[in-house]
Amino acid sequence: MPLRTIHDLNAKGKRILLRVDFNVPFDTEGEISDDTRIREALPTIQLLLQKGAKIILISHLGRPEGKVVEELRLDKVAKCLEMLMRKPIKKLNESIGEEVQKQVDQMQEGEIILLENIRFHAEEEKNDPRFIQQLAVLGDIFVNDGFGVSHRAHASSYGLGNIMSSYAGLLIEKEVNALTKLMENPEKPFTLIMGGAKIKDKLGILEKFIEKADFFLIGGGIANTFLSAKGIKVGNSLCEKDMADRAQEIEKKFEKNPEKFLLPVDATVAKEPGETVETQVVTIENVTDDMKIFDIGPQTIEKYCEIIRASKTIFWNGPMGLTEFTPFQNGTRDIATAIAQTACTSVIGGGDSSEIIKHLGFTDEQFSHISTGGGASLEFLSGKELPGLKVLYG
Ligand code: ADP
Ligand code: MG
């Protein structure tokens, strides 16, 4: 069943409720530190404007948990969007109610309104029917382009999609195409690179791709859980001992071809995290009790990069180390460099992964696709049905 997209939509004069994901990160001075998510929504906004729509934008920001949190108002997001669009954006201080209705009723073709942070209402995350109605009356058509929240059954994504005439925006279309290609016909050899912190979030994907991928390169905190499950001592490192059984089960699938499932052979270790701590490179059998593994080591990097260079398709999720600190960024930087230098199809997913890659100076153009969805892209690739997308098919 195809995705209903805005390509075929007659939007002339229509009030379009457009769900976007403007959940951008802020720096310590309270300024937007990465506007990628806002920029990623521009093609959909532009196309709808060209079609003569009136656009009412809906987004969340952070976790206000159903209350008004002043720092989480969308005013700075509106300013940023105004700069990018070179066009005034009318930012409202509410997302439902009389005043909002009045503003919407006065809209002309080509105008844009941004509603207030939708998560100021607890009803949003509860997918509350009355709240959905209060939003729905503001528009004629619903367009969802918030890929990053499509794995949640919330009012402004799933709820509206369910009851309104609804379409997918261009970002959702792009994400779905890139991720579907990985699942359905990846050019071989296909390598999956997995790192990051919580193995629970990653097992679904690993299990899903056991038959599909040719190589698995494991790093980050999750590698420790695999190593420990094999009886290798990981000292004081991040390690989820309660996941040992499932880790072992996965590794067992590679008993006959262990060359397909690679764990680190060496590591950069330190006693504690920090910018100026003393670090050491050790082979993986020599991690002492007082040490923590914070990055993959140079031999591991070399091995992994060799496989990357021979791959035709790569999916990468999760940093190779504790990348919040410079001494532990080498693995992630070298892996990213190797991927950027190949001509293969490369897809990167995961909130922290894309953030660190940008932070290290890599650009969108160096990879085939950097997913804007953290949890959403992982759930999509695990084969789960995403509620926000489900309502856009057929
Ligand atoms: P993503 O958001 O891309 O899916 P995760 O959230 O799974 O990635 O993982 C990112 C986190 O994993 C980062 O905070 C990073 O510091 C942490 N991490 C990676 N390797 C290690 C490690 N060896 N020890 C502790 N934390 C790690
Ligand atoms: Mg994360």
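Quantities reported herein were computed from a predicted structural model and do not represent experimental measurements.

Draft legend 1. Here's a closer look at the sheet that holds strand S2 (residues 54-58). Taking strand neighbours across the sheet as the criterion, the six strands line up as S3-S4-S2-S1-S5-S6 in an open arrangement whose pairing is parallel. With partners counted over all chains shown, the strands left at the sheet margins are strand S3 (90-91) and strand S6 (166-168), one partner each. Across four bridges, the pairing between strand S1 (residues 15-19) and strand S5 (residues 141-144) is parallel. Looking across to S5, one finds that Ile16 is bridged to Ile141.

Draft legend 2. Highlighting the nonpolar core. Counting residues in hydrophobic clusters, the biggest one holds 51 residues, and the most contacted among them are Leu192, Phe209, Phe216, Ile218, Phe226 and Phe315. At the level of secondary structure, the elements contributing two or more residues to this core comprise helix H8 (170-184), strand S7 (190-194), helix H9 (199-209), strand S8 (215-218), helix H10 (220-229), helix H11 (244-252), strand S10 (266-270) and helix H15 (375-381). Look past the residues within four positions of Phe209 in its chain and what remains in contact with it is Leu182, Met183, Phe190, Leu192, Phe216 and Leu381. Counting 34 residues, the second largest nonpolar core, distinct from the first, contains Phe22, Leu42, Ile45 and Leu81.

Draft legend 3. A look at the site of ligand 1. The full set close to ligand 1 counts 19 residues, and Lys202, Gly321, Glu324, Asp352 and Ser353 are the nearest of them. The separation between an oxygen atom of ligand 1 and a polar main-chain atom of Ala197 is 3.1 Å. Gly221 is positioned with one of its backbone polar atoms (N or O) 3.2 Å from a nitrogen atom of ligand 1. Relative to its unbound accessible area of 580 Å², ligand 1 is 86% covered by the protein chains.

Draft legend 4. Up close: the sheet that holds strand S15 (residues 369-370). Taking strand neighbours across the sheet as the criterion, the six strands line up as S9-S8-S7-S13-S14-S15 in an open arrangement whose pairing is parallel. Edge positions in the sheet fall to strand S9 (261-262) and S15, since each has one partner strand and no second. Sheet topology places S7 next to strand S13 (residues 313-317); five bridges connect them, and they run parallel. The residue of S13 that forms the bridge with Leu192 is Phe315. Its contacts with the sheet put helix H12 (residues 298-309) on S7, S8, S9 and S13, and the angle it makes with S8 is roughly 145°.

Draft legend 5. Region of interest: empty space enclosed by the protein. Applying the stated rule across the entire model yields one cavity of 30 Å³ or more. Within this model, the largest cavity holds a volume of roughly 50 Å³. If you trace the largest cavity, you find it lined by Val20, Asp21, Phe22, Arg37, Glu40, Ala41, Asp145, Gly146, Phe147, Gly148, Leu171 and Thr372. Its residues assigned to classes, the lining of the largest cavity comprises five nonpolar, three polar and four charged.

Draft legend 6. Expanded view of H10. Within H10, ten of the ten residues are buried, which leaves the element mostly enclosed by the surrounding structure. Among all positions of H10, only Gly220, Gly221, Ile222, Ala223, Asn224, Thr225, Phe226, Leu227, Ser228 and Ala229 are buried. Along its buried surface, H10 packs onto S7, H9, S8, H11, S9 and strand S12 (292-296). Just downstream of H10 lies Gly231, where phi reads positive at about 90°.

Basis of the calculations
- Residues numbered from 1 in each chain as written.
- Chains lettered and ligands numbered in written order.
- Predicted model: local features only at pLDDT ≥ 70, side-chain atom pairs only at ≥ 80, totals over all residues.
- Heavy atoms only, no water.
- Pairing = 2+ DSSP bridges.
- Helix = DSSP H or I, 4+ residues; strand = E, 2+ residues; numbered from the N terminus.
- Core = buried A, V, L, I, M, F, W, Y, C linked by side-chain atoms within 4.5 Å.
- Buried < 20%, exposed > 50% of the residue type's maximum accessible area, 1.4 Å probe, protein only.
- Contact = heavy atoms within 4.5 Å.
- Near = heavy atom within 4 Å.
- Polar contact = N/O pair within 3.5 Å; in protein donor to acceptor, adjacent residues only side chain to side chain.
- Areas by Shrake-Rupley, 256 points an atom, 1.4 Å probe, with all protein chains shown as cover.
- Axes fitted to C-alpha atoms, helices over the stretch in contact; angles between N-to-C directions.
- 1 Å grid on protein atoms, 1.4 Å probe; cavity = no way out; pocket = protein on both sides within 12 Å on 5 of 7 lines; lining within 4 Å.
- Points joined across faces, edges and corners; volume = space filled by probe spheres on them.
- Nonpolar A, V, L, I, M, F, W, Y, C, P; charged D, E, K, R; others polar.

So, to be careful, I would describe these as geometric facts and stop short of saying anything about function.
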